[in-house]
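Residues per chain are reported as follows:
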Amino acid sequence: MTSKLQVSIVGASGYTGGELLRILVKHPNVEIKQATSERFAGKMVTRCHPNLRKLTTLQFCSINELEETDLLFLCLPHNSGIAKSDDFMKLAPRIIDLSADYRLKDPADYPIWYEGFEHPRPELLKQFVYGIPELHREEMKNTKLISSAGCLATASILGIYPLLKHGVVELEHIVIEGKTGSSASGNKPTESSIHAERSGVIRSFKPTAHRHAAEMVQELTFNGKKPTVSFTATSVEAVRGILATSHLWLNQDLEERDIWQIYREEYGTEPFIRLVKEKGGSFRYPEPKILAGTNLCDIGFEKDPHSKRIVVMSAIDNLMKGASGQAVQALNIMMGWEETLGLDFVGLHPV
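Not measured: the values here are computed from a predicted model.

A. Layout of the sheet that holds strand β8 (residues 169–180). Pairing is mixed across the open sheet formed by seven strands, whose spatial order is β9-β10-β8-β11-β14-β13-β12. Across the chains shown, the open sheet's two edge strands, defined by having one partner strand only, are β9 (202–206) and β12 (273–275). Adjacent strand axes in the sheet meet at a mean angle of 25° when their direction is disregarded. Here strand β11 (residues 242–250) pairs with strand β14 (residues 309–316) via eight bridges, running antiparallel. Bridged to T245 within β14 is M313. Lying on the sheet, helix α8 (residues 256–267) is in contact with β11, β12, β13 (297–303) and β14; it crosses β13 at an angle near 160°.

Have a look at this one:
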């Protein structure tokens, strides 16, 4: 019998680390070797992730106690792990990084989108495969380094990728509104995230220049033609979930059936993308609530009968398809396993 792949999770006390633990503790081909947390080193992982009680006896360790393993998942804040890149690569031949450290291919983009940040290891950027499997599946099969995509970027890109790939929309007019739950900002409390300030909120927190827009432009550029993406991010009263609502303008006369055909051509065989095409009922459009805990992305659209505008709605769980679930999907592809391994949770209704 083939031994299981040993993986360790760096920065495992946060929400994305907890989701990786939840998925991987039941993954048939994986054994979790170590999980790091400087704050909780020596304590049980169930201290932070009580949903894992009786499923694991793993204890957190310090990052300085990491041992060699088959693969490392990095769940560290932006620019927290770059200085240790060489150390991580010595510890594991394969790395999946859930931070933003290697998402952008052009080092000149980092100071523009990350407040003057000059990337100290630009030579590594092109070595990492951008982590949306539906776009880069073949590259993932032949790499040992993957940089997971941002959650808002994932929802937005997946929603409109087919339209841009097929060249049927104007590149100069793409407007996206991303609504997101509170877990997207992590588990460290801030002045704006405490319950008294967050409860009941519908708050624009990044109306312009959101970092994830850089990923959108990068991944939606075809034949050297960059789109102009106007992106706005809004916090809403939910723990999990993202709904990206994209407004685009068709550059040719297309019927609704033609647009559906474009989406079916790109996503018809994708295991984690569902096209929502219903004429009635409460769930005739994508709804993040029913995707909680799943690695699914629901996509639907409506064509404006009074103009050439098309409104695309795409919904995900930000911690799953927007982070940890997508990272495990990438792991499965990298290792040549069935892509859906460990990711078969279908969601709850009602919840």
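From this point, the discussion proceeds with the structure in view.
B. Spatial organisation of the pairing of strand β5 (residues 94–97). Sheet analysis places strand β4 (residues 71–74) next to β5, joined by four bridges and oriented parallel. The residue bridging L74 from the neighbouring strand is D97, located in β5. Following the backbone out of β4, through helix α2 (residues 85–91) and into the adjacent parallel β5, one traces a crossover that is right-handed. One ladder, built from three bridges, connects β5 with strand β7 (residues 145–147); its direction is parallel. Across the sheet, the residue bridging to I95 is L145, located in β7.

C. Region of the structure containing the packing of aromatic side chains. The full count for this structure, using the stated rule, is eight aromatic pairs. For the ring pair Y263 and Y267, a centre distance of 6.4 Å and an interplane angle of 50° mean the geometry is tilted. Residue Y263 and its partner Y267 are located together in helix α8, separated by four residues, close to a single helical turn. Comparing Y263 with Y267 shows no difference in burial state: the two are buried.

D. Expanded view of the pattern of salt bridges. Counted according to the given criterion, the structure contains 17 salt bridges. One salt bridge connects E19 with R240, and the closest N-O pair in it is separated by 3.0 Å. Highlighted residues: E19 in helix α1 (residues 15–24) and R240 in the loop between β10 (229–236) and β11, separated in sequence by 221 residues. For R240, a relative accessible area of 28% gives the class partly exposed. One salt bridge in this structure joins K141 and E138, with 3.0 Å as the shortest N-O distance. In the salt-bridge network here, residues are joined through shared partners; they are E19, R22, R240 and D317.

E. Fine view of the environment of L71. Relative to the helices and strands, L71 is located in strand β4. For the pair L71 and G178, spaced 107 residues apart in the sequence, the C-alpha separation amounts to 32 Å. Not counting residues up to four positions away in its chain, the partners in contact with L71 are L5, Q6, V7, S8, A92, R94, I96, L331 and M334.

F. Quick look at unusual backbone geometry. Residue P350 is bonded to the preceding H349 through a cis peptide linkage, with omega at 0°. Along the chain, P350 turns up in the segment after α9 (324–335). Despite not being glycine, A209 has its phi angle at roughly 60°, a positive value. Looking at where A209 falls in the secondary structure, it is placed in the loop between β9 and α7 (212–219). Residue classification places A209 among the partly exposed positions, given a relative accessible area of 48%. With a phi angle near 55°, N223 is a residue other than glycine that sits in the positive phi range.

G. Expanded view of a nonpolar patch on the surface. On the surface, F345, L348 and V351 cluster together into a nonpolar patch covering about 280 Å² of accessible area. With respect to the secondary-structure elements, L348 resides in the segment after α9. Its relative accessible area of 48% is what places L348 among the partly exposed residues.

H. Focus on the pairing of strand β2 (residues 30–36). In terms of residue burial, β2 counts as a mostly covered element, since five of its seven residues are buried. Bridging between strand β1 (residues 5–10) and β2 involves five bridges; their strand directions are parallel. Across the sheet, I9 pairs through a bridge with A35, a residue of β2. The β-α-β motif built from β1, the intervening α1 and the parallel element β2 has right-handed crossover chirality.

I. Structural detail: the sheet that holds β5. Spatial ordering of the open sheet is given by β3-β2-β1-β4-β5-β7-β6, a layout of seven strands whose pairing is parallel. Each end of this open sheet is capped by a strand with a single partner; those strands are β3 (60–61) and β6 (129–130). Sitting on the sheet, α1 is in contact with β1, β2 and β4, with an inclination near 160° to β1.

J. Structural context of the environment of Q261. Mapped onto the elements of the fold, Q261 is located in helix α8. The spacing of Q261 and P50 is 211 residues in sequence and 44 Å in space, taken between C-alpha atoms.

K. Molecular detail of the environment of K188. With respect to the helices and strands, the residue K188 is situated in the loop between β8 and α6 (195–198). The exposure class assigned to K188 is exposed, which follows from its relative accessible area of 66%. Taking the C-alpha atoms as reference, K188 lies 8.4 Å from G14; in sequence the two are 174 residues apart.

Rules and cut-offs
- Residues numbered from 1 in each chain as written.
- Predicted model: local features only at pLDDT ≥ 70, side-chain atom pairs only at ≥ 80, totals over all residues.
- Heavy atoms only, no water.
- Pairing = 2+ DSSP bridges.
- Helix = DSSP H or I, 4+ residues; strand = E, 2+ residues; numbered from the N terminus.
- Axes fitted to C-alpha atoms, helices over the stretch in contact; angles between N-to-C directions.
- Contact = heavy atoms within 4.5 Å.
- Right-handed = clockwise from strand over helix to strand, strands pointing away.
- Phe/Tyr/Trp six-rings, centres within 6.5 Å; stacked < 30°, edge-to-face > 60°.
- Buried < 20%, exposed > 50% of the residue type's maximum accessible area, 1.4 Å probe, protein only.
- Salt bridge = Lys/Arg side-chain N within 4 Å of Asp/Glu carboxyl O.
- Patch = residues over 30% accessible without salt bridge, like charges linked within 9 Å, V, L, I, M, F, W, Y side chains within 5 Å.
- Areas by Shrake-Rupley, 256 points an atom, 1.4 Å probe, with all protein chains shown as cover.

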